[in-house]
Number of protein chains: 2
Amino acid sequence: MVKNAIFPTLIHQALEDVNFPAQPSNLYDPIRYILSLSGKRIRPMLVLLGADLFGYKDYEKLLPASLAIEYFHNFSLIHDDIMDNAPLRRGQNTVHQEWNSSVAILSGDALLVKAYEELANCPVDKIPSLLKTFNQVALEVCEGQQLDMDFETRERVSREEYIEMIRQKTSVLLGGALKLGAIIAAAKEDDIERIYNFGVNLGIAFQLQDDILDVYGDPNTFGKQVGGDILADKKTILNVLLQQHLKDVDKQTYQSLVSSTESVPEEKIAQVKELYAKYQIKELADELKEHFTDLAYKDLDSIQIEESGKKDLSELANSLLVRSF
Amino acid sequence: MVKNAIFPTLIHQALEDVNFPAQPSNLYDPIRYILSLSGKRIRPMLVLLGADLFGYKDYEKLLPASLAIEYFHNFSLIHDDIMDNAPLRRGQNTVHQEWNSSVAILSGDALLVKAYEELANCPVDKIPSLLKTFNQVALEVCEGQQLDMDFETRERVSREEYIEMIRQKTSVLLGGALKLGAIIAAAKEDDIERIYNFGVNLGIAFQLQDDILDVYGDPNTFGKQVGGDILADKKTILNVLLQQHLKDVDKQTYQSLVSSTESVPEEKIAQVKELYAKYQIKELADELKEHFTDLAYKDLDSIQIEESGKKDLSELANSLLVRSF
């Protein structure tokens, strides 16, 4: 576990060492701000792990790609928060709330360019390949966000469509982070695809788990309001599955729950949960999560390196997926 | 003039050949839309001219960089129009007006990524250098746009600050387009910087001219409402120079003109023009434009190639700068 222990330090230090210009302050202050709302830095960590897996030890040379991924993630948070009209992010004001939408649009743009600046700092012979991968991931994330917005106004979304949306919106970035690391480590083509798929499937499982926890998580450890997605009528794997299985006899009930604006919050949550229970929706969602978890581990297993070398990645995956139900 | 004649055709064809995905339509339709509001395609043209100047004849290989520059330009238009709350662009609805702000933010983001995708299609040995240049330009454009927004709420802006703002916001992209071409043509370091500076100074002169034409242009050929900037109290080189030269005796008059909301539009324009005349502001602005035009041509002159090879670029510069006053 020595490696895992120094990686967060390396990433923390790299972020500390970044020196954005002082001016124009309305461009760079929001960037400093969003980066300081320290998330778990899982994505930059995946870049390091993706290279380390293939025996690459020159960790310093991985830091630009790590930063590129973290910058991209934060760029997408700034812009998504505008589109979602979200007032809070990690308990603090979102950028457009703290400043305004124009500042949030432009500082997001600048942060995206900054991500590409870090790509340009990567080992030079790898830049064309890194750039191509990064672009592909970035475009899929945009497509996923568009699908997410489209789904909000659509009555029915199929399970396949929903999973494709979360794959693009959140999972390809995890796969992409690992892939950047693997590219720098000069891993074989096949292995690069395997580690990418591992990240993508892990990401899908993680996102499904997030949907499940929103309803069934332990209120003491979950951190958000349990049932928040139900109250906001948000599309999640749970209501996508419910819509798919709902029999005519319950359709009226469900429809009135979804369209109601007056009901007591706790009651709405309780009634929707009753329907979930009747159709065993949690079980179906858990199965789906297990399915993608299995796929992820199969991808990892298929990489022909010593099992001990996979320990760090397995542990990270476990820590992401085993949370209190 | 053979070259100049085929370049627009090449660029037109390259744009025609682009095949954006059909779905998600809310992501790609706005991109198709903004690109169809055909501007003059000066920027992609500059990429071709910047390479041709140094004897590069493999025009097909320049098209990805051309597209990257054109995409970047259109990305910045989409986002700037949101920030400026502009309803119209080239006589048509802006993207956020035709769809909504969320669609405009996200399709702009995707278009920026598409620009980087085209960079990844450039001659592979040049990609690291092209990427670095492109990032630098892109970041300056963001900084320039932020300065422009900051200036709107500031009472005084110095001449130097104003010119630095237009340099970043609009001129570095012209220089950058030429530079990308010169890099692909494997021009010498010094010459790359010279052609870049030529573009930047040409861009500044062009932007100053734009400010001047807004007030003194021929209403029959100008295309926009003459005096529009005065009515909108927009910061331009004219009012920046006026503020710098204005004597105490006229300060009251000017202040009341700027802050008035009720005056008859034609009167406001006439009265501001009277002050411009009194302080010879147009002449000062013209001088400044000449200064940057001279600088641009000096840069071009200093490039050690046959004069005949510079003909196309000179002609383009002339066509940009000689407009009916």
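Structure first, text after, so check above.
This text gives an overview of the structure that appears in the document.

Thresholds, definitions, all that
Residues numbered from 1 in each chain as written. Chains lettered and ligands numbered in written order. Predicted model: local features only at pLDDT ≥ 70, side-chain atom pairs only at ≥ 80, totals over all residues. Heavy atoms only, no water. Helix = DSSP H or I, 4+ residues; strand = E, 2+ residues; numbered from the N terminus. Buried < 20%, exposed > 50% of the residue type's maximum accessible area, 1.4 Å probe, protein only. Axes fitted to C-alpha atoms, helices over the stretch in contact; angles between N-to-C directions. Parallel < 35°, antiparallel > 145°, perpendicular 65-115°, else oblique. Left-handed = near helix turned anticlockwise from the far one by under 90°. Nonpolar A, V, L, I, M, F, W, Y, C, P; charged D, E, K, R; others polar. Phe/Tyr/Trp six-rings, centres within 6.5 Å; stacked < 30°, edge-to-face > 60°. Lys NZ or Arg CZ within 6 Å of the ring centre and 35° of its normal. Contact = heavy atoms within 4.5 Å. Buried area = accessible area lost by both parts, 1.4 Å probe. Salt bridge = Lys/Arg side-chain N within 4 Å of Asp/Glu carboxyl O.

## Notes on unusual backbone geometry
All names here are of chain A.
- A cis amide bond links Gln23 to the next residue, Pro24, at an omega of -10°.
- Topologically, Pro24 is positioned in the loop between helix 1 (2-17) and helix 2 (25-36).
- Phi is positive for Arg90, which is not a glycine, with a value near 50°.
- Summarising the element assignment, Arg90 is placed in the loop between strand 1 (88-89) and strand 2 (92-93).
- With a relative accessible area of 37%, Arg90 lands in the partly exposed category.

## Considering the packing of helix 8 (residues 159-184) of chain B against helix 9 (residues 189-216) of chain B
Residues and elements named next belong to chain B.
- Between helix 8 and helix 9, the shortest axis-to-axis distance is 7 Å and the interhelical angle comes to 140°. With respect to their mutual orientation, helix 8 and helix 9 come out oblique. In this structure, helix 8 meets helix 9 at a crossing whose hand is right-handed.
- A per-class count over the contact of helix 8 with helix 9 returns 15 nonpolar, seven polar and four charged.

## Considering the packing of aromatic side chains
- The final tally for this structure, using the stated rule, is 17 aromatic pairs over all chains.
- For the cation-ring pair, Lys179 of chain B lies above Tyr196 of chain B, with the distance from its terminal atom to the ring centre recorded as 5.2 Å.

## Here we look at the interface of chain B and chain A
- Contacts between the two partners involve 35 residues from chain B, matched on the other side by 36 residues from chain A.
- Carbon and sulfur atoms supply 76% of the area buried between chain B and chain A, which totals about 3,200 Å² over both sides.
- Connecting chain B to chain A are zero salt bridges.
- At the level of secondary structure, the elements contributing two or more residues to the side of chain B that touches chain A comprise helix 2 (25-36), helix 4 (63-83), helix 6 (101-120) and helix 7 (127-152) of chain B.
- In terms of residue count, the dominant contributor to the side of chain B that touches chain A is helix 7 of chain B (13 residues).

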